[in-house]
Amino acid sequence: MKPHLIVLDLDGTLLTDEKVISEKTIQTLKKAEEQGHHIMIATGRPYRASEVYYRQLGLRTPIVNFNGAFVHHPTDPSWKTIHEPISLPIVNDVVDAMQQFSFHNIVAEVMDDVYMHYHDEKLLDIFGFGDPTIREGDIRQFLKENPTSLLIQADAEYVDPIRRHLGEVHAEAIDHRRWGAPWHVIEIVRHGLNKAVGISHVSKWMDIPTERIIAFGDEDNDLEMIDYAGVGVAMGNAIDRLKSIANEVTETNNEDGIARVLEERLRLKK
């Protein structure tokens, strides 16, 4: 069988609800590699919050972070890194506009530097993973370079009105998503970026055609990736919209859904 590229989202997909990779999934991925297939991660997380899983699986492929805004090869410095941040003036305009809405916090990330509009212990638990440099205060004053991503946290009833505003005013400059429950967070990246764009750079470099890409996901930020892959697989716990466009729906992230598909599709011995 010709080499396939197996693309894995992290949260809700590769990771169980306990944020670990099951032993069965690890062993299945190892079998796939032994048969000449390639494995990569495509996530909304920054690299610092995904490196532990990259290392655990012993990967030797590029990784897509920030939903396509940052693509690099952790073990091959000669691979040309792709970093496409949001224009700082656009960010400042967005923060200005948010003053007319009710929001809890705004967070900007410049690679591994975190800028937090307001102090928030719960958010610090999330963004503190990987020991980044964290600065708190008005982002318009402290942020001096184009950020990789921007996050807006608001009550559930304000998420859609904020997204409508972003779509009406900044549609040509930024794209935005909402995080899955329980977080009511809008994630913003530069316009035209998503996981599929990042994966396309990697697949071209590996000379693996789209029809030999198997991608797994569960959320809003996986839509383009699942549609782009030759075989797009939605987890059993995925949102309905993703299931509706997927080629296949497997078991949940807690039931080794990835392993089942790979065993069947790649004819791996159980």
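This text follows the structure it describes.
In this report, we go over the structure that sits alongside the text.

1. What to know about the side chain of Asp120
Here is step 1 of the chain: The topology assignment puts Asp120 in the loop between β7 (113-116) and α5 (121-127).
Here is step 2 of the chain: No salt bridge is formed by the buried Asp120. Its closest oppositely charged neighbour is Lys122, at 7.2 Å.
Here is step 3 of the chain: Within the structure, the side chain of Asp120 is placed 2.9 Å from the backbone nitrogen of Lys122, a separation counted as a polar contact.
Here is step 4 of the chain: Ignoring anything within four residues of it in the chain, the contact list for Asp120 reads Asn105 and Gln153.

2. Concerning the nonpolar core
Here is step 1 of the chain: Formed by 32 residues in total, the largest nonpolar core has its most connected members in Ile6, Leu8, Leu14, Phe216 and Leu262.
Here is step 2 of the chain: Of all the secondary structure elements, the ones that give two or more residues to this core are β1 (5-8), α1 (10-14), α2 (23-34), β2 (38-41), α3 (51-56), β12 (213-217), β13 (231-234) and α11 (257-265).
Here is step 3 of the chain: Excluding residues within four positions of it along the chain, Leu14 makes contact with Leu8, Asp9, Val20, Ile21, Thr25, Leu29, Leu57 and Ile258.
Here is step 4 of the chain: One finds Ala97, Phe103, Ala108 and Ile152 within the second-largest nonpolar core, a separate group that totals 25 residues.

3. Some points on the pattern of salt bridges
If the charged atoms of two oppositely charged side chains come close together, the side chains can form a pair.
Here is step 1 of the chain: Inspection of the entire model under this criterion finds 17 salt bridges.
Here is step 2 of the chain: Of the charged contacts, one joins Lys24 and Glu263 as a salt bridge, the two residues approaching to 3.0 Å between their closest N and O atoms. Residue Lys24 is located in helix α2, and its partner Glu263 is located in helix α11; the two are separated by 239 residues in the primary sequence.
Here is step 3 of the chain: Residue classification places Glu263 among the buried residues on the basis of a relative accessible area of 9%.
Here is step 4 of the chain: Each of the salt bridges in this network shares a partner with another, and the network as a whole consists of Glu248, Glu251, Arg260, Glu264 and Arg265.

4. Focus on the pairing of strand β9 (residues 149-153)
Here is step 1 of the chain: The buried count for β9 comes to five of five residues, which makes it a mostly enclosed element.
Here is step 2 of the chain: Of the two faces of β9, the one lined by Ser149, Leu151 and Gln153 and the one lined by Leu150 and Ile152 are each fully buried.

5. With respect to the packing of α2 against α11
Here is step 1 of the chain: Axis separation between α2 and α11 bottoms out at 8 Å; the angle between their running directions is 30 degrees. Between α2 and α11, the angle falls in the class roughly parallel. Considering only the axes of α2 and α11, their crossing is left-handed. Facing α2, whose interface residues are Lys24, Thr25, Thr28 and Leu29, α11 presents Ile258, Ala259, Leu262 and Glu263.
Here is step 2 of the chain: Looking at the contact of α2 with α11 residue by residue, the class counts come to four nonpolar, two polar and two charged.

6. Description of unusual backbone geometry
Here is step 1 of the chain: Unlike most non-glycine residues, Lys19 shows phi in positive territory, near 65 degrees.
Here is step 2 of the chain: Non-glycine residue Met111 carries a positive phi angle of around 55 degrees.
Here is step 3 of the chain: Counting through the fold element by element, Met111 comes out in the loop between β6 (105-110) and β7.

7. Some details on the packing of helix α4 (residues 88-98) against helix α7 (residues 156-170)
Here is step 1 of the chain: For the pair α4 and α7, interaxial distance at closest approach is 11 Å and the crossing angle is 140 degrees. The angle between α4 and α7 places the two elements in the oblique class. Seen along the crossing, α4 lies across α7 with a hand that is right-handed. Within the contact between the two elements, α4 uses Ile90, Asp93, Val94, Ala97 and Met98 and α7 uses Ile162, His165, Leu166 and His170.
Here is step 2 of the chain: Its residues placed into classes, the contact of α4 with α7 shows six nonpolar, two polar and one charged.

8. Quick word on the sheet that holds strand β5 (residues 82-83)
Strand pairing within a sheet occurs via backbone hydrogen bonds; the two strands may be parallel or antiparallel.
Here is step 1 of the chain: The strand order across the open sheet built from three strands is β3-β4-β5, with neighbouring strands paired in antiparallel fashion. On the outer flanks of this sheet lie β3 (63-65) and β5, each paired with one strand and no other.
Here is step 2 of the chain: One ladder, built from three bridges, connects β3 with strand β4 (residues 70-72); its direction is antiparallel. Looking at β4, one finds that Ile63 is bridged to His72.

9. Quick notes on helix α8 (residues 195-206)
Here is step 1 of the chain: For α8, with twelve residues, the first-to-last C-alpha span of 17 Å sits near the 16 Å given by 1.5 Å per residue.
Here is step 2 of the chain: Every buried residue of α8 is accounted for by Lys195, Ala196, Gly198, Ile199, Ser200, Val202, Ser203 and Met206.
Here is step 3 of the chain: On its buried side, α8 packs onto β1, β2, β3, β4, β12 and α9 (223-228).
Here is step 4 of the chain: N-capping of α8 is provided by Asn194, with a side-chain oxygen placed 2.9 Å from the backbone N of Ala196.
Here is step 5 of the chain: One or two residues past the end of α8 sits Asp207, with phi positive at roughly 60 degrees.

Conventions adopted
- Residues numbered from 1 in each chain as written.
- Predicted model: local features only at pLDDT ≥ 70, side-chain atom pairs only at ≥ 80, totals over all residues.
- Heavy atoms only, no water.
- Helix = DSSP H or I, 4+ residues; strand = E, 2+ residues; numbered from the N terminus.
- Buried < 20%, exposed > 50% of the residue type's maximum accessible area, 1.4 Å probe, protein only.
- Lys, Arg positive; Asp, Glu negative; His and termini not counted.
- Salt bridge = Lys/Arg side-chain N within 4 Å of Asp/Glu carboxyl O.
- Polar contact = N/O pair within 3.5 Å; in protein donor to acceptor, adjacent residues only side chain to side chain.
- Contact = heavy atoms within 4.5 Å.
- Core = buried A, V, L, I, M, F, W, Y, C linked by side-chain atoms within 4.5 Å.
- Axes fitted to C-alpha atoms, helices over the stretch in contact; angles between N-to-C directions.
- Parallel < 35°, antiparallel > 145°, perpendicular 65-115°, else oblique.
- Left-handed = near helix turned anticlockwise from the far one by under 90°.
- Nonpolar A, V, L, I, M, F, W, Y, C, P; charged D, E, K, R; others polar.
- Pairing = 2+ DSSP bridges.
- Expected span 1.5 Å × (residues − 1).

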